[in-house]
Amino acid sequence: MNTQRKPLIAGNWKMNYDHLQALAFLQKLSWSLKNTAYDSSVTEVAVFPPFTDLRSAQTIVASEKLPIKIGAQDVSHEQSGAYTGDIAAAFLSSLDVSYVIVGHSERREYHAETDSLVGKKSAAALTAGITPVICVGESLQQREEQGTVVPLVQLTEVLAEVPEGAEFVIAYEPVWAIGSGQAATAAQAQEMCSHIRSKLRELRGEEVASATRILYGGSVKSDNIAEFMQQPDVDGALVGGASLKIDEFTKIVQYQTGLAE
Ligand code: PGA
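Residues numbered from 1 in each chain as written. Predicted model: local features only at pLDDT ≥ 70, side-chain atom pairs only at ≥ 80, totals over all residues. Heavy atoms only, no water.

Counting its regular elements, the protein contains twelve helices and eight strands. Taking 18 Å as the expected radius of gyration for a compact globule of 261 residues, we find that the protein reaches 17 Å, a close match to that expectation. Residues classed as buried in the protein amount to 54% of the 261 residues present. Taking the contacts inside the protein whose residues are at least 6 apart along the sequence as the reference set, 77% of them involve residues at least 24 apart. Summed over all atoms, the accessible surface of the protein reaches about 11,700 Å², with 51% contributed by carbon and sulfur. (Helix = DSSP H or I, 4+ residues; strand = E, 2+ residues; numbered from the N terminus. Rg over C-alpha atoms; globule rule 2.2 N^0.38 Å. Buried < 20%, exposed > 50% of the residue type's maximum accessible area, 1.4 Å probe, protein only. Contact = heavy atoms within 4.5 Å. Areas by Shrake-Rupley, 256 points an atom, 1.4 Å probe, with all protein chains shown as cover.)

Note that side chains of opposite charge can pair when their charged atoms are close. Applying the stated rule across the entire model yields 15 salt bridges. Lys 121 is paired through a salt bridge with Asp 74; the nearest N and O atoms lie 2.7 Å apart. With a gap of 47 residues between them, Lys 121 in helix α5 (residues 115–127) and Asp 74 in the loop between β3 (69–72) and α3 (89–93) connect regions that are remote in the sequence. The class of Lys 121 is buried, set by a relative accessible area of 5%. For Asp 74, a relative accessible area of 11% gives the class buried. Its salt-bridge partner being Lys 121, residue Glu 113 comes within 2.8 Å of it at the nearest N-O pair. Overlapping salt bridges bring together Arg 5, Arg 197, Asp 233 and Asp 235 as one network. (Salt bridge = Lys/Arg side-chain N within 4 Å of Asp/Glu carboxyl O.)

Near the ligand there are 13 residues, and of these Lys 14, His 104, Glu 173, Gly 179 and Ser 219 occur at the shortest range. In the environment of the ligand, an oxygen atom lies 2.7 Å from a nitrogen or oxygen atom belonging to the side chain of Glu 173. Residue Ser 219 places a main-chain N or O atom 2.7 Å away from an oxygen atom belonging to the ligand. Out of a free accessible area of 280 Å², the ligand has 95% covered by protein chains. Here the residues of the shell around the ligand sort into four nonpolar, seven polar and two charged. (Near = heavy atom within 4 Å. Polar contact = N/O pair within 3.5 Å; in protein donor to acceptor, adjacent residues only side chain to side chain. Nonpolar A, V, L, I, M, F, W, Y, C, P; charged D, E, K, R; others polar.)

Below, the discussion takes up the environment of Gly 217. Its location among the elements puts Gly 217 in strand β7 (residues 214–217). In the structure, Gly 217 is positioned 207 residues away from Ala 10 in sequence and 9.4 Å away in space, judged by C-alpha atoms. Beyond its immediate chain neighbours, meaning those up to four positions away, Gly 217 contacts Tyr 172, Glu 173, Pro 174 and Leu 238.

What follows deals with the state of the cysteines. Inspection of the entire model under this criterion finds zero disulfides. Of all cysteine sulfurs, the one in Cys 135 lies closest to Cys 193, which takes part in no disulfide; the gap is 12 Å. (Disulfide = S-S within 2.5 Å.)

Turning to the side chain of Thr 212, a few remarks are in order. When you line up the elements, Thr 212 lands in the loop between α9 (206–211) and β7. For Thr 212, a relative accessible area of 5% translates into the label buried. In this structure the side chain of Thr 212 is engaged in a polar contact, spanning 2.7 Å, whose partner is the backbone oxygen of Val 208. In this view, Thr 212 contacts Arg 5, Phe 168, Ile 170, Arg 197, Leu 200 and Asp 235; residues no more than four positions away in its chain are not counted.

On to helix α7 (residues 149–159), then. Within α7, the full set of buried residues consists of Val 150, Pro 151, Leu 152, Gln 154, Leu 155, Val 158 and Leu 159. Close packing links the buried residues of α7 with α4 (105–110), α5, β5 (131–136), α6 (140–146), β6 (169–172) and α8 (186–204).

Pasting the structure below:
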């Protein structure tokens, strides 16, 4: 973590919780954050519920002024038209969606999403005023055979579709660490996030490289978040399983308390 960049703790709910559960969860999460003196000027919190929850989430966040940003888990690269089942970025921005995850390894694997498509989705999100959270990460086999190369190639190809001057977040999520309980070590996360920042410097210049937040994701829990956040190039976390539990997610958001102890 670097004080220039505001940490972002992002909860990716994946295909969990319907809109009623989302309402109850967000209400309880906000109480829990309040009870632990959460300060939104120090750390930013975002949750990424399924599409069908977004309207409910928007309503409760707006009506109760909750200090929680809303994100979506996917977006179409097209603006409108005959694309059955797809969701346009403009629909998301009209629900006050601030972020959208693009290129998650589950979408790359189950929906055959390519870097070029991920780049086009990022560009579509940006056009609608939504910040893409661009996920990159290598499988175990790719790590063994190619070291740190794959996430850097993914980033390069995605950014080829993203206009200069755009603001985005990057999430480094090693595929082998997602949902496995086997998180990367803090040193492994730092190593890759630092390579990612160098690649950004090469592609977009120093200003973008030093302003862009790079998150780590993959089996983040309350007992390992502090170590990740102590790394100079890790600016937050993309949290899956542990974001579905109020207490656990609150502790992750309040990782500073862990650092102070
Ligand atoms: P996990 O998922 O925290 O359950 O490993 C992370 C993610 O897929 O974003």
